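What follows is each chain in one-letter form.
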Amino acid sequence: MAQVLDAYVNKSVNIVTADGRIIIGTLRGFDQTINIILEDSYERVFSSASGVEQVLLGLYIIRGDNVALIGEIDDDIDRSIDFSRIRADPLPHAKT
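Residues numbered from 1 in each chain as written. Predicted model: local features only at pLDDT ≥ 70, side-chain atom pairs only at ≥ 80, totals over all residues. Heavy atoms only, no water.

Asks: Account for the sheet that holds strand S4 (residues 53–62), naming residues and giving values.
Replies: Within the open sheet, the five strands sit side by side as S4-S3-S2-S1-S5. Their pairing is antiparallel. Taken across any chain shown, the strands that pair with only one partner, and hence form the sheet edges, are S4 and strand S5 (67–72). Averaged over all pairs of adjacent strands, the angle between strand axes in this sheet comes to 30°, irrespective of strand direction. The sheet contact formed by strand S3 (residues 36–45) and S4 spans eight bridges and is antiparallel. In the strand pairing of S4, serine 41 is matched with glycine 58. (Pairing = 2+ DSSP bridges. Helix = DSSP H or I, 4+ residues; strand = E, 2+ residues; numbered from the N terminus. Axes fitted to C-alpha atoms, helices over the stretch in contact; angles between N-to-C directions.)

Asks: If you had to explain the side chain of serine 12 to someone new, which residues and values would you point to?
Replies: Structurally, serine 12 can be placed in strand S1 (residues 12–17). When sequence neighbours within four positions are dropped, the list of residues in contact with serine 12 reads Gly25, Thr26, Gly71, Glu72, Ile73 and Asp75. (Contact = heavy atoms within 4.5 Å.)

Asks: Before we move on, can you summarise a nonpolar patch on the surface with the specific residues and values?
Replies: Taken together, the side chains of Ile37, Leu59 and Ile61 present a nonpolar region at the surface, about 320 Å² in accessible area. Considering the arrangement of structural elements, one finds isoleucine 37 in strand S3. (Patch = residues over 30% accessible without salt bridge, like charges linked within 9 Å, V, L, I, M, F, W, Y side chains within 5 Å. Areas by Shrake-Rupley, 256 points an atom, 1.4 Å probe, with all protein chains shown as cover. Salt bridge = Lys/Arg side-chain N within 4 Å of Asp/Glu carboxyl O.)

Asks: Outline the pairing of strand S2 (residues 22–30), supporting the account with residue identities and numerical values.
Replies: Taking burial as the measure, the nine residues of S2 include seven buried ones, the bulk of the element. Relative to S2, S1 runs antiparallel, the two sharing five bridges. Directly across from valine 13, in S2, lies its bridge partner glycine 25. Following S1, the chain reverses through four residues before pairing antiparallel with S2; glycine 20 in that reversal takes a positive phi of roughly 90°. Where S2 lies against S3, seven bridges are found, and the strand directions are antiparallel. (Buried < 20%, exposed > 50% of the residue type's maximum accessible area, 1.4 Å probe, protein only.)

Asks: Can you explain unusual backbone geometry? Please cite residues and give values.
Replies: Residue isoleucine 34 is not a glycine yet carries a positive backbone phi of 65°. Look at isoleucine 34 and you get buried, because its relative accessible area is 14%. Even without a glycine there, the phi angle at aspartate 40 is positive, about 50°. Looking at the secondary structure, you find aspartate 40 in strand S3.

Asks: Go over the pattern of salt bridges, please, and point to the residues and values.
Replies: A full pass over the atoms with the stated rule returns five salt bridges. Note that glutamate 43 and arginine 21 form a salt bridge whose closest N and O atoms lie 2.9 Å from each other. You can see glutamate 43 sitting in strand S3 and its partner arginine 21 sitting in the loop between S1 and S2, a full 22 residues away along the chain. Residue arginine 21 is classed as partly exposed on the basis of its relative accessible area of 24%.

Asks: Residue-level account of the nonpolar core, with values.
Replies: In this structure, Leu5, Tyr8, Val13, Ile15, Ile23, Leu27, Ile34, Ile36, Leu38, Ile62, Val67 and Ile70 together form the largest nonpolar core, which totals 12 residues. If you list the elements that add at least two residues to this core, you get S1, S2, S3 and S5. Other than its neighbours up to four places away in sequence, tyrosine 8 contacts Val13, Leu27, Ile70, Gly71 and Glu72. Counting residues in hydrophobic clusters, the runner-up holds eight residues, among them Tyr42, Phe46, Val52 and Phe83. (Core = buried A, V, L, I, M, F, W, Y, C linked by side-chain atoms within 4.5 Å.)

Structural data, given as structure tokens:
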């Protein structure tokens, strides 16, 4: 897993946590247990009624046992999306 994450260092990533949160930020580092360090991060909070709220988090650490998914974000495509028009229910907690 560490070899895969090396390719994402200093790039924008999308992390889905086990409790259903979606956190976006620049991957600055990680360790052998996949604890993640993000810079300039924010959480996207989805709502079926009021669209997507983006909550600023700044420098943020996510415990490795709470990481469900990590993926790289295409910044150009991400900037072109009008998140205020998107309506969606929040993700449920991951089943363990």
